[in-house]
Amino acid sequence: MIESVEPHNNSLSSVDLAALIEQIAAPIALEMQHGPCIAYTNPAFLTLFKLEAIPATPTSVIDLLRAAGAHETTPDGGSGASTGTSEWILPGGRVISAQRTPFQSARSGEGTLWQFSDVTEQRQSEARYRAIIENIEDGYYEVDINGHFVFVNDGLCRIAGRQREQLLAPGRRHYSHHFSETTTTQLLDLFRSVFRKREPVQGAEVLVERPDGSIRHVEFSIALVDGPEGRPIGFCGIARDITKRKQVEAALARRVTLLSVLEQVDLELNQTLDMEQVLSVALNAAVLLSHADAGFIGLAEGDRLRLVRLFGPYGPVQEVEANIGITGRVMRQRRAELIPDVSADPDYHCDIPSTRAQIAIPLISHDKLLGVINLETADPERFTPETFEFVQLVTARAASAIDNARLYAVSQQQLAELRELYAQLQELEQLKSDMIHIAAHDMRSPLGILTGYLDILRLDLKDVLTEEQQSYFDSMLRAIDRIQRMTTDILSLERVQAAREPLTTIINLADVISRAVFDRADEARQKGHKVAMQIEQAAHVYGDAISLVEATSNLLGNAIKYTPDGGTIEVQLRVEGRRAVVEVADNGYGIPEEYHDRLFQPFFRVRTHETFEIDGTGLGLYLVRKIIERHGGQMCFESAPGVGSTFGFSLLLAELDE
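Residue positions are given per chain, counting from 1 as you read along its sequence in written order. This being a predicted model, a pLDDT of at least 70 is required before a residue's local features are given, and a value of 80 or more before pairs of side-chain atoms are given or counted; all residues contribute to the totals for chains, interfaces and linings. Only hydrogens and water are removed before side-chain values are computed, so all heavy atoms of the structure are retained for them.

## Notes on the overall build of the protein
In step 1: For the protein, the helix and strand inventory stands at 17 helices and 24 strands.
In step 2: Throughout this description, buried means an accessible area under 20% of the type-specific maximum (1.4 Å probe, protein chains only), exposed means over 50%, and partly exposed covers the range between. Looking at the protein as a whole, 40% of its 658 residues are labelled buried.
In step 3: For this analysis, residues touch if any pair of their heavy atoms sits within 4.5 Å. Restricting to contacts in the protein with at least 6 residues of sequence separation, those with at least 24 account for 54%.
In step 4: Note on areas: these come from Shrake-Rupley sampling with a 1.4 Å probe, and a residue is covered only by the protein chains present in the view. Taken as a whole, the protein presents about 36,800 Å² of accessible surface, with 53% of it coming from carbon and sulfur. Here a helix means four or more residues in a row that DSSP labels H or I, a strand means two or more in a row labelled E, and each is numbered from the N terminus.

Below you can see the structure in the form of structure tokens.
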């Protein structure tokens, strides 16, 4: 309570209030209720209104403000009330806040103490903040402690699918009026969690259903807002629409799933050549990827299409004409088609009344039309362009697998026929051997002449031959070389089989191994192999040096051929009791166990995906076996896929004179 104020007099009798106000930096004015009129101001007030002194004519603070060109912007309780706060804008844009406090004087009666402060920077800062909030893409909101919207920006309006006037309408400002029951429950749980824990929530995902029925994925971040006394007065936060991100994530997840299915399909198709299993895997994969209600695989047989695998209510039909309907058009044009509305297609032939969309893809392998995969659905939205793309990928793999299974079935049938014929041809085996020997012997001379003339011809034409033409010469020379090696093996085999005289010459196996390694050194070097020898010099046997070198060289040649570049090959000679053991070990591809029993048969070659393109005659191991058997020895070997192979032989040691 302020006492003893004398109007228009700066002196106070009981309390030196003037001296006290003089010390306050903020503009101050004492206004008496009668009039009302200004009783006293401090210098800061005069400076604010650019006055030298209080006007002689009794004037109120509001009249003085209006005379100075100020206008009130945000009244709080009315500028004419004795208490409260109001804001005024002065000429030039400055904003001042006026705080009114009542006082009472025993001598002069009641009045009002006006205290002014410059809030221009604060209001400018708030304006900039609001501008930023209004222009961000994310939604921003402020709600009071009871859940009523106090402020929202355009971003939140877009997310909610409502106008700002709707969200802030009197009587409908509570957020529950604008969101579904599910969304409201989720938001309530978040607000309660923030209030209870006094910790903000970051990136909580909420599904928001908009008035138009669309669903948006929204991340809500919520923080508690405290009042001047440190008590919670509401909440504020950011709402970020992540619908597009979720759609991308869903699309990526679906693509990963589709790729996983493709990988599994490849794995299953590559593991079998059984036609029934191939057809089942292919149709199941196509139906799984497309979510089709029905489908079939048809194989072309002349002008008919045989339905070999069906899924869905097609009935008992097993064969149809190949040229009718959408499938017939697809086969004629050899082009896959996605028909989103079969009722609009003039070629559509109705097999299932509920069908609304259809996918038909031709089965083509090596430019040969095998048939068609057909898929149908009652829900056209299932057959998207992405689905169409992946089903085509499956179909391409299926076509190759079906073609391979067909060829395998044909080859198995032919193999059975050949086995039957083989039994009949046993009587002609000796005649065949004689003819092969004659042919091999007589072919060596013309093959040599052919090689010589090819070399001369290529040398004469080297300046005019294209790279492709050079490759023709290389192919011919490789073919001749293969025939020469085969004739050499045949003649060597014939020589071994024809030999009858006893073996009495003492041979040093260390020399045999050294010669074989020397003969194969260039081949090993070209493939980057490391060849190591472990030799005991005292290993002597009875035998034919040329044949034993040939046998050891064949084993070493196989190790070089069937070991990937940069491999390791070890040639070992050791003595075990009364026998000399020669072994050639490599870390190459290895041989599956099912082929072990046939390794030493003539013309047999192991065919795996690693060794399929490696050239050979199929006589090498058979020749080695015959040579070792001729020397009274024994063959030995062990092999495992991916580990390598060890081939060798053992011979009885010769009895040397002391």
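## Some thoughts on the pattern of salt bridges
In step 1: By convention in these notes, a salt bridge is any Lys or Arg side-chain nitrogen within 4 Å of a carboxyl oxygen on Asp or Glu. Inspection of every chain in the model, using the stated rule, returns 34 salt bridges.
In step 2: Taking the shortest distance from any N to any O, the salt bridge between Glu249 and Lys246 comes out at 3.9 Å. In this pair, Glu249 and Lys246 both sit in helix H8 (residues 243–270), 3 residues apart, roughly one turn of the helix.
In step 3: Residue classification places Glu249 among the partly exposed residues on the basis of a relative accessible area of 37%.
In step 4: Here Asp519 makes a salt bridge to Arg515, at a shortest N to O gap of 3.1 Å. Residue Asp519 and its partner Arg515 are located together in helix H14 (residues 509–519), separated by 4 residues, close to a single helical turn.
In step 5: Given a relative accessible area of 37%, Asp519 falls into the partly exposed group.
In step 6: It is possible to trace a salt-bridge network through shared partners that takes in Glu205, Glu219, Arg245, Lys246 and Glu249.

## Section: the packing of aromatic side chains
In step 1: Any pair of Phe, Tyr and Trp rings, taking the six-membered ring for Trp, is counted once the centres come within 6.5 Å. Such a pair is stacked with planes under 30 degrees apart, edge-to-face with planes over 60 apart, and tilted for the rest. Inspection of the entire model under this criterion finds 14 aromatic pairs.
In step 2: With centroids separated by 4.7 Å and ring planes inclined at 50 degrees, the aromatic side chains of Phe45 and Phe49 adopt a geometry described as tilted. The pair formed by Phe45 and Phe49 is uniform in burial state, with each residue classed as buried.
In step 3: Both rings, one in Tyr595 and one in Phe604, keep their centres 6.2 Å apart while their planes meet at 45 degrees; by these two values the pair is tilted.

## Describing the sheet that holds strand S19 (residues 530–534)
In step 1: Two strands pair under a simple rule: DSSP has to find at least two bridges between them. Across the sheet, which stays open at both edges, the 5 strands sit in the order S19-S21-S22-S24-S23 with mixed pairing between neighbours. Either end of the sheet is taken by a strand with one partner, and the two such strands are S19 and strand S23 (634–640). With direction set aside, neighbouring strand axes in the sheet form an average angle of 10 degrees.
In step 2: Inspection of the sheet shows strand S21 (residues 568–576) paired to strand S22 (residues 579–586) by 8 bridges, in the antiparallel sense. Among the inter-strand pairings, Val571 is bridged to a residue of S22, identified as Val584.
In step 3: The strands touched by H14 are S19, S21 and S22; relative to S21, the strand with the most contacts, the crossing angle is about 170 degrees.
In step 4: To get an axis, fit a line to the C-alpha atoms, keeping to the stretch in contact for a helix; angles then go from 0 to 180 degrees between the N-to-C directions. Relative to the sheet, helix H17 (residues 620–630) contacts S23 and strand S24 (644–652), its axis offset from that of S23 by approximately 145 degrees.

## Some details on the environment of Gly632
In step 1: The topology assignment puts Gly632 in the loop between H17 and S23.
In step 2: A relative accessible area of 54% places Gly632 in the exposed class.

## So, helix H16 (residues 545–561)
In step 1: Compared with an ideal rise of 1.5 Å per residue, which puts 17 residues at 24 Å, H16 spans 24 Å between its outermost C-alpha atoms and is within 8% of the ideal.
In step 2: Burial runs high along H16: 13 of the 17 residues are buried. A helix is expected to span 1.5 Å for every residue after the first.

## Quick notes on the pairing of strand S1 (residues 28–32)
In step 1: With 5 of 5 residues buried, S1 lies mostly within the body of the structure.
In step 2: Side chains Ile28, Leu30 and Met32 of S1 all project onto a buried face; the interleaved residues Ala29 and Glu31 project onto the opposite face, where all are buried too.
In step 3: Judged from the 5 bridges that link them, S1 and strand S6 (residues 109–118) form a sheet pairing that is antiparallel. What sits directly across from Glu31, in S6, is Thr112.
In step 4: The pairing of S1 with strand S2 (residues 37–41) spans 4 bridges and is antiparallel. Residue pairing in the sheet places Leu30 in a bridge with Tyr40 of S2.
In step 5: Hairpin connection, S1 to S2: the antiparallel pair is bridged by 4 residues, and Gly35 has positive phi, about 125 degrees.

## Quick notes on the environment of His366
In step 1: Note on placement: His366 falls in the loop between strand S16 (357–365) and strand S17 (368–377).
In step 2: The exposure class of His366 is exposed, given its relative accessible area of 73%.
In step 3: In this structure the C-alpha to C-alpha distance between His366 and Asp403, which are 37 residues apart in sequence, comes to 8.9 Å.

## Description of unusual backbone geometry
Residues other than glycine predominantly adopt negative phi, and peptide bonds predominantly adopt the trans conformation.
In step 1: Positioned with a positive phi, His291 is a non-glycine residue whose angle comes to about 55 degrees.
In step 2: Secondary-structure assignment places His291 in the loop between helix H9 (275–290) and strand S12 (294–301).
In step 3: By relative accessible area, His291 is classed as partly exposed at 44%.
In step 4: You will see that Asp367, though not glycine, has its phi angle at about 65 degrees, which is positive.
In step 5: Mapped onto the secondary structure, Asp367 falls in the loop between S16 and S17.

## Comments concerning a nonpolar patch on the surface
In step 1: Among the surface-exposed residues, Leu415, Leu418 and Leu421 lie close enough to one another that they form a single nonpolar patch of about 250 Å² accessible area.
In step 2: With respect to the helices and strands, Leu421 occurs in helix H11 (residues 385–425).
In step 3: Here Leu421 falls in the partly exposed class, since its relative accessible area comes to 42%. In this scheme, patches are assembled from residues that exceed 30% relative accessible area and form no salt bridge. Like charges are connected within 9 Å, while nonpolar side chains (Val, Leu, Ile, Met, Phe, Trp, Tyr) are connected within 5 Å.

## Quick notes on H9
In step 1: The end-to-end C-alpha distance of H9, which contains 16 residues, comes to 23 Å, matching closely the 22 Å that a straight helix rising 1.5 Å per residue would cover.
In step 2: Restricting attention to buried positions, one finds in H9 the residues Met275, Val278, Leu279, Val281, Ala282, Leu283, Ala285, Ala286, Val287, Leu289 and Ser290.

## Examining the sheet that holds strand S11 (residues 232–241)
In step 1: In spatial order, the strands read S8-S7-S11-S10-S9; together these 5 strands make up an open sheet with antiparallel pairing. With partners counted over all chains shown, the strands left at the sheet margins are strand S8 (149–152) and strand S9 (201–209), one partner each. Pairs of neighbouring strands in the sheet enclose a mean axial angle of 25 degrees, with direction left out of account.
In step 2: Lying on the sheet, helix H7 (residues 181–197) is in contact with strand S7 (139–144), S9, strand S10 (215–226) and S11; it crosses S9 at an angle near 165 degrees.
In step 3: Relative to the sheet, H8 contacts S9, S10 and S11, its axis offset from that of S10 by approximately 130 degrees.

## Let's talk about the nonpolar core
In step 1: As used in this record, nonpolar core signifies buried Ala, Val, Leu, Ile, Met, Phe, Trp, Tyr and Cys residues forming a set joined through side-chain atoms within 4.5 Å. Counting residues in each nonpolar core, the largest one holds 37 residues, and the members touching the most others are Leu289, Ile297, Leu363, Leu375 and Ile402.
In step 2: Elements supplying a minimum of two residues to this core: H8, H9, S12, S16, S17 and H11.
In step 3: Residues in contact with Ile297, not counting those within four places in the same chain, are Leu279, Ala282, Leu283, Arg306, Leu307, Val308, Arg309, Leu363, Val372 and Ile373.
In step 4: Counting residues in hydrophobic clusters, the runner-up holds 36 residues, among them Ile569, Leu599, Leu623 and Phe647.

## Focus on the environment of Asp154
In step 1: For Asp154, the position within the fold is in helix H5 (residues 154–160).
In step 2: Judged by its relative accessible area of 37%, Asp154 is partly exposed.
In step 3: Measuring from C-alpha to C-alpha, the distance between Asp154 and Arg164 comes to 7.3 Å, with 10 residues separating the pair along the chain.
In step 4: For Asp154, the residues in contact, after removing those within four places along its chain, are Glu134 and Arg164.
In step 5: A distance of 2.5 Å separates polar atoms of two side chains, one belonging to Asp154 and the other to Arg164. Here a polar contact means two N or O atoms within 3.5 Å. Within protein one must be a hydrogen donor candidate and the other an acceptor candidate, and residues neighboring in sequence count only if both atoms are side-chain atoms.

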